[in-house]
Amino acid sequence: MWIYEKKLQYPVKVSTCNPMLARFLIEQYGGADGELAAALRYLNQRYSIPDRVIGLLTDIGTEEFAHLEMIATMIYKLTKDATPDQLKAAGLGDHYVNHDHALFYHDAAGNPWTATYIQAKGDPIADLYEDIAAEEKARATYQWIINMSDDPDLNDSLRFLREREIVHSQRFREAVEIIKEDRAQRKIF
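Residues numbered from 1 in each chain as written. Predicted model: local features only at pLDDT ≥ 70, side-chain atom pairs only at ≥ 80, totals over all residues. Heavy atoms only, no water.

We apply this condition: UniProt positions are given in the numbering used here, feature names are shortened, and annotations may be inferred rather than shown by experiment.
Labelled according to an unreviewed UniProt entry, the protein appears under the name CotJC, originating from Niallia circulans. You can read under Sequence similarities (unreviewed entry) in the UniProt record for the protein the words "Belongs to the manganese catalase family."

Written as structure tokens, this is what we have:
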């Protein structure tokens, strides 16, 4: 059972219409290291992970959906008043022709989202290291988007997301240690 509160995890404010910045943010919406891929990866991996860390994957996976909602809100706010010419100038002409101002899962280069972005090896240690790498790549991408942005309001939300990626990476590292401990006690490698 889910209870949905119509409130973002962290407030999203945007100073001005900026389709170019929206194009960069689309990477975190539908890119290989974006929020959708992360949410689905973690929620899928939890079926083959030891019981002691299932809750972690569930918690972080559902939080990634909250991040996806924040990114969608940012993109919407950055483009809602953009003209077709502004979208075209920002490199979003193809997107506009296919989707108007609607969001669509693709990366910043326009490549559609694909299930090949979701990794699951079935080995808890391998999967968690994949998850750590995914969080670190997302953290780096958020930093690079912040570097490209001159919108202080938007950057505040992006910093929040970047920090959450760091926390997730740390939590996955802790989970690796828990599983290694369990394996050592049971002499399983």
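On we go from here.
### Digging into the UniProt feature "binding site: Mn(2+)" (unreviewed entry) in the protein
Just so we agree on the cut-off: Contact definition: two residues touch when any of their heavy atoms are within 4.5 Å. Numbering goes from the N terminus for both helices and strands, where a helix is a DSSP run of H or I of at least four residues and a strand is a run of E of at least two.
When the UniProt feature table is mapped onto this chain numbering, "binding site: Mn(2+)" (unreviewed entry) sits at Glu35, Glu64, His67, Glu135 and His168. The annotated residues occupy 134 residues of the chain but converge on a single region, no pair of C-alpha atoms lying more than 12.5 Å apart. When near neighbours in sequence (up to four residues on either side) are disregarded, His67 contacts Gln9, Glu35, Leu161, Arg164, Glu165 and His168. Of note, Glu135 is situated in helix α6 (residues 124-148).

### Brief notes about the packing of helix α1 (residues 19-30) against helix α3 (residues 51-79)
The condition that has to hold: Every angle, taken between N-to-C directions, lies between 0 and 180 degrees, and every axis is a line fitted to C-alpha atoms, over only the stretch in contact when it is a helix. In what follows, roughly perpendicular refers to angles from 65 to 115 degrees, roughly parallel to angles under 35, roughly antiparallel to angles over 145, and oblique to any angle outside these ranges. A crossing counts as left-handed when the near helix is turned anticlockwise from the far one by less than a right angle, and as right-handed when that turn is clockwise.
Two elements in contact, α1 and α3, have axes whose closest approach is 9 Å; the angle formed by their N-to-C orientations is 160 degrees. With respect to α3, the axis of α1 lies roughly antiparallel. Regarding α1 and α3, the two cross each other, and that crossing is left-handed. Where α1 approaches α3, its residues Pro19, Leu21, Ala22, Leu25, Ile26, Gln28 and Tyr29 are matched on the opposing element by Leu68, Ile71, Ala72, Met74, Ile75, Leu78 and Thr79.

### Concerning the packing of aromatic side chains
In this description, a pair of aromatic rings is defined by centroid distance and the angle of the planes. The condition that has to hold: Paired rings are identified among Phe, Tyr and Trp, the last through its six-membered ring, by centres lying within 6.5 Å, and are further divided according to the angle between planes into stacked (under 30 degrees), edge-to-face (over 60) and tilted (the rest). Partly exposed residues are those whose accessible area sits between 20% and 50% of the maximum for their type, while under 20% is buried and over 50% is exposed, using a 1.4 Å probe and protein chains only.
Summed over all chains, the structure comprises four aromatic pairs. Ring geometry for Tyr10 versus Phe160: centroids 4.4 Å apart, planes at 10 degrees, classification stacked. Remark: Phe160 occurs in helix α7 (residues 152-186) and Tyr10 occurs in the segment before α1; sequence separation between them is 150 residues. Overall, Tyr10 belongs to the partly exposed group, its relative accessible area being 24%.

### Considering the nonpolar core
Generally speaking, a soluble globular protein has its nonpolar side chains buried in company with each other. In plain terms, the rule: We define the nonpolar core as a collection of buried residues of types Ala, Val, Leu, Ile, Met, Phe, Trp, Tyr and Cys that are connected through side-chain atoms lying within 4.5 Å of one another.
Leu25, Ile71, Met74, Ile75, Leu154, Leu158 and Leu161 are the most contacted members of the largest nonpolar core, which has 24 residues in total. Those elements that place two or more of their residues in this core are α1, α3, α6 and α7. Tallying contributions element by element places α3 first for this core, with seven residues. Core analysis: the second largest hydrophobic core is formed by 15 residues, Val53, Ile60, Phe172 and Ala175 among them.

### A word on the pattern of salt bridges
Applicable threshold: Whenever Lys or Arg places a side-chain nitrogen within 4 Å of a carboxyl oxygen from Asp or Glu, that contact is recorded as a salt bridge.
Throughout the structure, instances matching the rule amount to nine salt bridges. With a closest N to O distance of 2.8 Å, Glu136 and Arg139 form a salt bridge. A residue pair is termed a helical-turn pair when its members lie 3 or 4 positions apart in one helix, as Glu136 and Arg139 do in helix α6 at three residues. The class of Arg139 is partly exposed, set by a relative accessible area of 28%. The partner of Glu136 in a salt bridge is Arg173, and the shortest N-O contact between them spans 3.4 Å. Here Glu136, found in helix α6, pairs with Arg173, found in helix α7; they are 37 residues apart in sequence, far enough to count as distant. According to the relative accessible area criterion, Glu136 is partly exposed, its value standing at 24%. Residue Arg173 is classed as partly exposed on the basis of its relative accessible area, which comes to 42%. Taken together, the shared-partner salt bridges in this structure form one network comprising Glu136, Arg139 and Arg173.

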